[in-house]
Amino acid sequence: MTVIPGSRRRAKAGGGIRGGEAVAGWLFTAPMMIILGLFLFIPIVMALYVSFTNWNGNGSPFNGGANAEWVGTSNYTSLFTQDGLKRANFMQSLNNNFWYVLFVVPLQTAVSFFLALIVSNRFLKGKGFFRTAFYFPSVTSSIAISVVFLFLFANSGAVNAVLSAVGIKGPAWFSDSRGLFHIVLGWFGAGDNPGWGQGLVLGRSVWDWFAGPSVAMCVVIILAVWTTTGTFMLMFLAALQDVPVEVEEAAMLDGATGWQKLRHVTIPMLKPAFFLVTTLGLIGTWQLFDQIYVMGKGAPANTTLTPAYLSYKQSFTSLQYGSGAAMSFIVFVLIVVLTAFQRWLMRDKDVKPRRRFGRAAAVGVATQGTGTGGVR
């Protein structure tokens, strides 16, 4: 391979035909970077500062004084070490949101993938209708859907009417604070709050930690799965359309059944799509607010309380903005840790880490791969 010295110098100096692309790229992205800095990054830094104060909303939080005293990390440590209603509510909100995430993320991922497989079938007629029908709940206002669900799951609503038609007495959906797992254990005579579940962990008994989602939270879970699967279906659909037809045909020629082709060919090739869907689902489920605000504000007995709504309530109702901001940043750190763990869990375990080559070795490998020959 022949390298022209002058061309290397021009590339380093940013000359040539493509030399101005970097400058043009920065110019095009500068307006959005400025907007994001002013309305996203700077407010986050300001909120982080507020989380170290006891600002009550009067005056500026940056002037100090009695309305915004610097309290250090006490807003954070009190949520984990100080007994009281604040810690009890925060731990319960984390517990509620944990069960919500554990149910919603797998369900919405599985349902959206199943719907994508249906609408991607080449023999399906009316694909446009089904794609629109499956995606329609995702573009509808979450507030409007929450109000509709309030009527559907009312004590005399349509859901209980259908259940009574088949001989099942429906529960009082928005008034039942029992945990789902407590109800199931009660069917087997496990009792109420046995001795092994009375130990305290962060101010809550083990029995309460493992209660599972309440009956009211189950309604929110159904609502979330129904409204989010359409968006994730489109992501899976785009990924399915990128799967090479030759790979599927090769699997069929090798005698693979439909299930084997799906399990060993399609799903492994959709691993990036699965990571994207589960990551977006994980982030979205920890930001649950508007449905909770409409469907009971944490009732019954705070079993639908979430950290996002509790942070809002702590700030704008109790006027403890420092504590509310601390709750928000704890959830932010929790999302980052869970996303990193999910990335580690879904990594390619068979791919060896890349070795770093010197410039000469890299040039030699590249030229050998292209068949142009190296310097001999």
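Just so it is clear, the structure is predicted and the values come from calculations on it, not from any experiment.

**Q** Outline the overall build of the protein, supporting the account with residue identities and numerical values.
**A** Within the protein one finds 17 helices and 2 strands. Counting only residues that meet the buried cut, the protein has 33% of its 376 residues in that class. A separation threshold of at least 6 residues defines the contact pool for the protein, and within that pool the share at least 24 residues apart is 68%. Looking at the protein as shown, the accessible area adds up to about 23200 Å², and 67% of this sits on carbon and sulfur atoms.

**Q** How would you sum up the nonpolar core? Please name residues and give values.
**A** Counting residues in hydrophobic clusters, the biggest one holds 37 residues, and the most contacted among them are Phe90, Tyr100, Phe149, Val220 and Trp286. Residue assignment for this core shows that the elements contributing at least two residues are helix H3 (74-81), helix H4 (85-119), helix H6 (142-152), helix H10 (215-241), helix H15 (307-316) and helix H16 (321-345). The element best represented in this core is H10, accounting for 8 residues. Leave out the neighbours within four places in its chain, and Trp286 touches Leu94, Asn97, Phe98, Val101, Pro307, Ala308, Val331, Leu334, Ile335 and Leu338. Counting 16 residues, the second-largest nonpolar core is a separate cluster that includes Leu115, Ala116, Ala239 and Val243.

**Q** How would you sum up H15? Please name residues and give values.
**A** Of all the residues in H15, the buried ones are Pro307, Tyr309, Leu310, Ser311, Gln314 and Ser315. Its buried side turned inward, H15 meets H4, helix H14 (290-294) and H16.

**Q** Before we move on, could you go through the packing of helix H11 (residues 245-253) against helix H12 (residues 258-269) and cite the residues and values that matter?
**A** As a packed pair, H11 and H12 sit with axes 10 Å apart at the nearest point and diverge in direction by 160 degrees. Between H11 and H12, the interaxial angle falls into the category roughly antiparallel. Crossing handedness for the pair H11 and H12: right-handed. For the pair formed by H11 and H12, the contact residues are Val247, Glu248, Ala251 and Met252 on the first element and Lys261, Val265, Thr266 and Met269 on the second. In terms of residue class, the contact of H11 with H12 is built from 5 nonpolar, 1 polar and 2 charged.

**Q** For the packing of H4 against H16, give the residues involved together with the corresponding values.
**A** Following both chains from N to C, one finds H4 and H16 inclined at 30 degrees, their axes separated by 13 Å at the closest point. With respect to H16, the element H4 is oriented roughly parallel. Relative to H16, the crossing made by H4 is right-handed. Of the residues in H16, those in contact with Lys86, Phe90 and Leu94 of H4 are Ser323, Met327, Ile330 and Leu334. Its residues assigned to classes, the contact of H4 with H16 shows 5 nonpolar, 1 polar and 1 charged.

**Q** Provide a residue-level description of the environment of Phe236, including the pertinent values.
**A** Summarising the element assignment, Phe236 is placed in helix H10. With 34 residues separating them along the chain, Phe236 and Leu270 place their C-alpha atoms 7.9 Å apart. In contact with Phe236, not counting residues within four places along its chain, are Thr109, Ser112, Phe113, Ala116, Ala273, Phe274 and Val277.

**Q** Before we move on, could you go through the confidence of the model for the protein and cite the residues and values that matter?
**A** Averaged over all residues, the pLDDT of the protein equals 86, while 88% of them reach at least 70. Model confidence for the protein, summarised as mean pLDDT per element, is weakest for helix H17 (residues 359-370) at 42 and strongest for H15 at 96. For residues 356-376, every residue scores under 50 in pLDDT, and the model assigns this stretch 9 contacts once sequence neighbours within four places are set aside.

**Q** Pulling in residues and values, what's your account of the packing of aromatic side chains?
**A** The final tally for this structure, using the stated rule, is 26 aromatic pairs. Their ring planes at 40 degrees and their centres at 6.0 Å tell us that Tyr309 and Tyr312 sit as a pair that is tilted. Separated by 3 residues within a single helix, Tyr309 and Tyr312 lie in helix H15, roughly one turn from each other. By relative accessible area, Tyr309 is classed as buried at 5%.

**Q** Which residues make up the pattern of salt bridges, and what are the values?
**A** By the definition in use, this model includes 2 salt bridges. With a closest N to O distance of 2.3 Å, Arg87 and Asp83 form a salt bridge. In this structure, Arg178 and Asp176 form a salt bridge, with 2.7 Å as the shortest nitrogen-oxygen distance.

About the thresholds
Residues numbered from 1 in each chain as written. Predicted model: local features only at pLDDT ≥ 70, side-chain atom pairs only at ≥ 80, totals over all residues. Heavy atoms only, no water. Helix = DSSP H or I, 4+ residues; strand = E, 2+ residues; numbered from the N terminus. Buried < 20%, exposed > 50% of the residue type's maximum accessible area, 1.4 Å probe, protein only. Contact = heavy atoms within 4.5 Å. Areas by Shrake-Rupley, 256 points an atom, 1.4 Å probe, with all protein chains shown as cover. Core = buried A, V, L, I, M, F, W, Y, C linked by side-chain atoms within 4.5 Å. Axes fitted to C-alpha atoms, helices over the stretch in contact; angles between N-to-C directions. Parallel < 35°, antiparallel > 145°, perpendicular 65-115°, else oblique. Left-handed = near helix turned anticlockwise from the far one by under 90°. Nonpolar A, V, L, I, M, F, W, Y, C, P; charged D, E, K, R; others polar. pLDDT = per-residue confidence, 0-100. Phe/Tyr/Trp six-rings, centres within 6.5 Å; stacked < 30°, edge-to-face > 60°. Salt bridge = Lys/Arg side-chain N within 4 Å of Asp/Glu carboxyl O.

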